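# Architecture and fold: a report
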There are 2 protein chains.
Amino acid sequence: MFKINENYLKLPGSYLFSTIGKKVNAYKEANPDKEIISLGIGDVTQPLAPAIIDSLHKAVDEMAVRETFRGYAPDLGYEFLRSAIAKNDYAARGADIAVDEIFVSDGAKCDSGNIQEIFSINNKIAVCDPVYPVYVDTNAMAGRTGTYNKETELWSNVIYMPCKAENGFAPELPEETPDIIYLCFPNNPTGATIKKPQLQEWVDYANKAGAVIIYDAAYEAYISEEDVPHTIYECEGAKTCAIELKSFSKNAGFTGTRLGYAVVPKALKDSDGNSLNALWARRHGTKFNGAPYIIQRAGEAVYSEEGKKQTKEQIAYYMNNARIIKEGLKEAGFTVSGGVNAPYIWLTAPSGMTSWEFFDYLLANANVVGTPGSGFGPSGEGYFRLTAFGTYENTIEALKRIKEL
Amino acid sequence: MFKINENYLKLPGSYLFSTIGKKVNAYKEANPDKEIISLGIGDVTQPLAPAIIDSLHKAVDEMAVRETFRGYAPDLGYEFLRSAIAKNDYAARGADIAVDEIFVSDGAKCDSGNIQEIFSINNKIAVCDPVYPVYVDTNAMAGRTGTYNKETELWSNVIYMPCKAENGFAPELPEETPDIIYLCFPNNPTGATIKKPQLQEWVDYANKAGAVIIYDAAYEAYISEEDVPHTIYECEGAKTCAIELKSFSKNAGFTGTRLGYAVVPKALKDSDGNSLNALWARRHGTKFNGAPYIIQRAGEAVYSEEGKKQTKEQIAYYMNNARIIKEGLKEAGFTVSGGVNAPYIWLTAPSGMTSWEFFDYLLANANVVGTPGSGFGPSGEGYFRLTAFGTYENTIEALKRIKEL
């Protein structure tokens, strides 16, 4: 008789955004006349840039003709896209990443969920708290996180690194040595960043401890301040301890278009000399069949002169929203952080309110949807996330309503 | 110190088609003047049908405008596509599959690699031999297959069901009871099919044994004979024992466009009543972010009147190639099977030759690339696969060369 993977049964409740969706739908059904503005899920609202659209149409036309039709893509991604990534995201930042260290995927969510597969089931992970739920949930599914305590909302076999106002929402080096460290900067959900010397400390720590850093740089394009690293490979020694995950979702609006990539340096090896690059290549070759050709051409267009200019304008649009949210919340008396190098604004719920209480309060009284901080981990309790990914008009209206509360 | 997933180190050599690619490239470099025809990897050569191209262009245009732009897709796929699948692939065949039993993915390779995740690591799998390598390799990566014996080319903890000329390339019910049974009909690589009464036997067996059948129906569109089931859900009781995997790669040329789906019936439960549908939904929601919107629209177009007509013509084109290959090989004195309900022709290598010897012989003397049967498992030794996915002109030329050997 077949048995299921019992680790799945240990997972608490359902995925955060499903829960929010259900709450919002219930509210809508009960209040069909209310106009709800969502600054909740980190989903973009601006259409794809013209250069990307042109590239998509061109690639579609190629698929219509036998001579230019493309079947199976190279497992690891087309050379044209991997070269553009190596040149623009790495060489231009002084980081020397080779084309065969770049693995094109159908998005950073998939990569951040799948990357744990190439590690031992006995490895111990360290995560920031609050944290993007996918890191922990996928390790839980694999059986790496022990048991879940409903009271504390913590897993028994995970090292949590609290990120609160007290430490500027930046994790401190953990006391217990982890095997795998998940870091995300600019951070989802807090919008916090760390400067290059601080990231260098993490790299040095990982190299010394023999730990791997899974560095999620999905929000890199939103960095506006100097000395905030755009890639972990700006740090010395990162190639022997870090995997970097990148997405086209937030810098170019690909949330519904699906494209991302992972960098697994060839110098990254275990104590027996086994190459993680080779393991990830094997995983890609066996379980994945490449991102669609036309989508990879869309990704290439992000790096064209026009594409760079147009996506930069979109980011400026969202960051103007971030400014409006941050300033508006301050005017309304809230304590806020983030929103400078990231499209997320992290605010403290009014005194005495839990994150979910504030969620319900905001939904009912301002018809604005945000994301409860506690949904990202217990240290997120009492905090709340708003995103800059709405339209300008909705953002203005949402803040007007919040100020009137 | 981090450790790797040591199961990866147990995997033999590299993926079959990578090895073929390397051999072909080496031959090309040594013989730059030779014109090589590949009837090896199962990759299509016909461009996407006009109805699909139109749909892609339309969807791209929607992505260019704020009002019609689409961000994150529903985890499990857009309703428009899932409805079209339920109606055309199931209701039309008399199989009652609900929309929320259908999970849209980026291809059947991914699904067939990922599906094992929702099962216990202690489950024992049964596979046909020869077999599509992804089923076994992904279970090996998870640690479910024991140790690999280089001599026998068998894993210690896998139940193999030999498919040879003696049994018409159809597996027999295994003596030892498996927990998970992988079946693929029409079969890759042998091109064999089984009739509905035989498939019903498998369904009855699985229900009685408490086993799950993973039914790979990627080549369903190539069925030309009566009484060969198009879906396992034509069999009574299949919804309590079977998961079905489908692809758009072979019926509509999506190998480089990436789209597939899995059917996980809600009635499929373990002995404790845990729903596999719910587990797969959780897996999708946590590790996957949907197939691209524009690709899902392309999938929808496959089910339009024009789309059906045009893709049917493409299949007829490939099946004409299959006929040419089969008849040509017979004329040349080969023993062949397959090619009637499947785009694969399975031939016996000339006496005394191993599969790889025949591969080398055919490459060197006819400049034709096929796939060695032994690459799909030890019972494939002495056999060889040719695919009907080449162009008509190349297929004619390849057979001309083979006949002249």
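Bear in mind that the values here come from a model prediction, so they are computed numbers and not experimental data. (Residues numbered from 1 in each chain as written. Chains lettered and ligands numbered in written order. Predicted model: local features only at pLDDT ≥ 70, side-chain atom pairs only at ≥ 80, totals over all residues. Heavy atoms only, no water.)

## Topic: the overall build of chain A
- The secondary structure content of chain A amounts to 13 helices and 15 strands.
- In terms of overall size, chain A behaves like a compact globule, its C-alpha atoms giving a radius of gyration of 21 Å where 405 residues would be expected to give roughly 22 Å.
- Considering only C-alpha atoms, chain A reaches an extent of 55 × 55 × 50 Å along its principal axes.
- With 405 residues in all, chain A has 63% of them scored as buried.
- A separation of at least 24 residues holds for 73% of the contacts in chain A among residues at least 6 apart in sequence.
- Surface summary for chain A: the accessible area is close to 14,400 Å², and the carbon and sulfur share equals 49%. (Helix = DSSP H or I, 4+ residues; strand = E, 2+ residues; numbered from the N terminus. Rg over C-alpha atoms; globule rule 2.2 N^0.38 Å. Buried < 20%, exposed > 50% of the residue type's maximum accessible area, 1.4 Å probe, protein only. Contact = heavy atoms within 4.5 Å. Areas by Shrake-Rupley, 256 points an atom, 1.4 Å probe, with all protein chains shown as cover.)

## Quick word on unusual backbone geometry
- With omega at -10°, the peptide bond leading from Phe-185 of chain B into Pro-186 of chain B counts as cis.
- Among the structural elements, Pro-186 of chain B can be located in the loop between β7 (180-184) and α7 (196-209).
- Even without a glycine there, the phi angle at Asp-227 of chain A is positive, about 70°.
- Its location among the elements puts Asp-227 of chain A in the loop between β8 (212-216) and β9 (242-247).
- Of the residues examined, Asp-227 of chain A reaches a relative accessible area of 45% and is grouped as partly exposed.
- A positive phi is found at Asn-367 of chain B, a non-glycine position, where the angle reads about 55°.
- Looking at Asn-367 of chain B, the relative accessible area reads 10%, which means it is buried.

## A short note on the sheet that holds strand β14 (residues 371-372) of chain B
Residue and element names in this part refer to chain B.
- Taken in spatial order, the four strands of this open sheet run β11-β12-β15-β14, and their pairing is antiparallel. One side of each edge strand has no neighbouring strand; the edge strands of this open sheet are β11 (336-338) and β14.
- Where helix α12 (residues 355-366) meets the sheet, its contacts fall on β12 (344-348), β14 and β15 (383-387), and the angle it forms with β15 comes to roughly 45°. (Pairing = 2+ DSSP bridges. Axes fitted to C-alpha atoms, helices over the stretch in contact; angles between N-to-C directions.)

## Remarks on the packing of aromatic side chains
- The final tally for this structure, using the stated rule, is 50 aromatic pairs over all chains.
- Measuring from centroid to centroid gives 5.7 Å for Phe-248 of chain B and Phe-254 of chain B, while their planes differ by 35°, and the two rings are tilted. The exposure classification of Phe-248 of chain B matches that of Phe-254 of chain B, with both residues buried.
- Seen in terms of ring centroids, Tyr-317 of chain B and Tyr-318 of chain B are 5.6 Å apart; in terms of plane orientation they differ by 80°. Their pairing is edge-to-face.
- The structure contains a cluster of three or more aromatic residues connected by ring pairs, namely Tyr-90, Tyr-233, Phe-248, Phe-254, Tyr-261 and Tyr-303 of chain A.
- Cation over ring: Arg-297 of chain B sits above Phe-80 of chain B, and NZ or CZ is 3.6 Å from the ring centre. (Phe/Tyr/Trp six-rings, centres within 6.5 Å; stacked < 30°, edge-to-face > 60°. Lys NZ or Arg CZ within 6 Å of the ring centre and 35° of its normal.)

## With respect to the packing of helix α3 (residues 50-63) of chain A against helix α11 (residues 305-331) of chain A
Residue and element names in this part refer to chain A.
- Viewed as axis vectors pointing N to C, α3 and α11 meet at an angle of 135°, and their least axial separation amounts to 7 Å. Overall, the two elements α3 and α11 adopt an arrangement that is oblique. Contacts between α3 and α11 involve Pro-50, Ala-51 and Ile-52 from the first element and Glu-306, Gly-307, Gln-310 and Thr-311 from the second.
- Grouping the amino acids of the contact of α3 with α11 by side-chain chemistry returns three nonpolar, three polar and one charged. (Parallel < 35°, antiparallel > 145°, perpendicular 65-115°, else oblique. Nonpolar A, V, L, I, M, F, W, Y, C, P; charged D, E, K, R; others polar.)

## Quick word on the confidence of the model for chain A
- Considering every residue of chain A, the mean pLDDT works out to 96; 100% of them sit at 70 or more.
- Confidence estimates for the predicted assembly give a pTM of 0.96 and an ipTM of 0.96. (pLDDT = per-residue confidence, 0-100.)

## A closer look at the interface of chain A and chain B
- With 83 residues of chain A in contact, the opposing surface of chain B contributes 83 residues.
- For the pair chain A and chain B, the summed buried area comes to about 7,000 Å², and 58% of that belongs to carbon and sulfur atoms.
- On the chain A side of the contact with chain B, Phe-2, Tyr-72 and Arg-282 of chain A bury the most area, a combined 12% of that side's loss.
- Counting across the chain A and chain B interface gives four salt bridges.
- Notably, a salt bridge pairs Arg-282 of chain A with Asp-137 of chain B, separated by 3.4 Å at the nearest N-O pair. (Buried area = accessible area lost by both parts, 1.4 Å probe. Salt bridge = Lys/Arg side-chain N within 4 Å of Asp/Glu carboxyl O.)

## A look at the pairing of strand β6 (residues 158-162) of chain B
All names here are of chain B.
- Counting buried residues along β6, four of its five residues qualify, which places the element largely inside the surrounding structure.
- As paired elements, strand β3 (residues 125-129) and β6 share five bridges and run parallel to each other. Each residue of the ladder has a partner; that of Ile-125, found in β6, is Val-158.

## Focus: the sheet that holds strand β10 (residues 260-263) of chain A
All names here are of chain A.
- Across the sheet, seven strands lie side by side as β2-β10-β9-β8-β7-β3-β6; this open sheet has mixed pairing. Each having just a single partner strand, β2 (102-105) and β6 (158-162) make up the two edges of the open sheet. Direction aside, neighbouring strands of the sheet carry axes that sit 20° apart on average.
- As judged from the four bridges shared by β9 and β10, these two strands associate in the antiparallel manner. Within the sheet, the bridge partner assigned to Glu-244 lies in β10 and is Val-263.
- Each of β2, β9 and β10 touches helix α4 (residues 79-90); the most contacted strand, β2, lies at about 115° to it.

## With respect to the side chain of Asn-7 of chain A
All names here are of chain A.
- Structurally, the position occupied by Asn-7 is in helix α1 (residues 7-10).
- Engagement of the side chain of Asn-7 in a polar contact is seen with the backbone oxygen of Met-141, the distance being 3.4 Å.
- Those residues in contact with Asn-7 that sit more than four places away from it in its chain are Ala-140, Met-141, Ala-142 and Gly-143. (Polar contact = N/O pair within 3.5 Å; in protein donor to acceptor, adjacent residues only side chain to side chain.)

## Some remarks on the environment of Ser-275 of chain B
Residues and elements named next belong to chain B.
- As for its position among the elements, Ser-275 is in the loop between β10 (260-263) and α9 (276-287).
- Sequence spacing of Ser-275 and Ile-223 is 52 residues, and the spatial spacing of their C-alpha atoms is 32 Å.
- With residues up to four places along the chain from it excluded, the contact list for Ser-275 reads Leu-268 and Lys-269.
- A polar atom in the side chain of Ser-275 sits 3.2 Å from the backbone nitrogen of Asn-277.

## Notes on helix α7 (residues 196-209) of chain A
All names here are of chain A.
- Helix length check: α7, at 14 residues, gives a terminal C-alpha distance of 20 Å against a target of 20 Å (1.5 Å per residue), a fit within 8%.
- When α7 is considered as a whole, its buried residues turn out to be Leu-199, Gln-200, Trp-202, Val-203, Tyr-205 and Ala-206.
- Along its buried surface, α7 packs onto β6, β7 (180-184) and β8.
- Gly-210 occupies a position one or two residues after α7 and carries a positive phi of about 70°. (Expected span 1.5 Å × (residues − 1).)

## Describing the relation of the copies chain A and chain B
- Between chain A and chain B, the superposition needs a rotation of 180° and an axial shift of 0.0 Å, giving an RMSD of 0.0 Å. With respect to symmetry, the two chain copies, as superposed, fit the operation of a two-fold axis. Considering only C-alpha atoms, the residue of chain A closest to the rotation axis is His-57 of chain A, which sits at 3.1 Å.
- A symmetric contact is evident, with 100% of the interface residues of chain A recurring at the interface of chain B. (Least-squares fit on C-alpha atoms with pLDDT ≥ 70 in both.)

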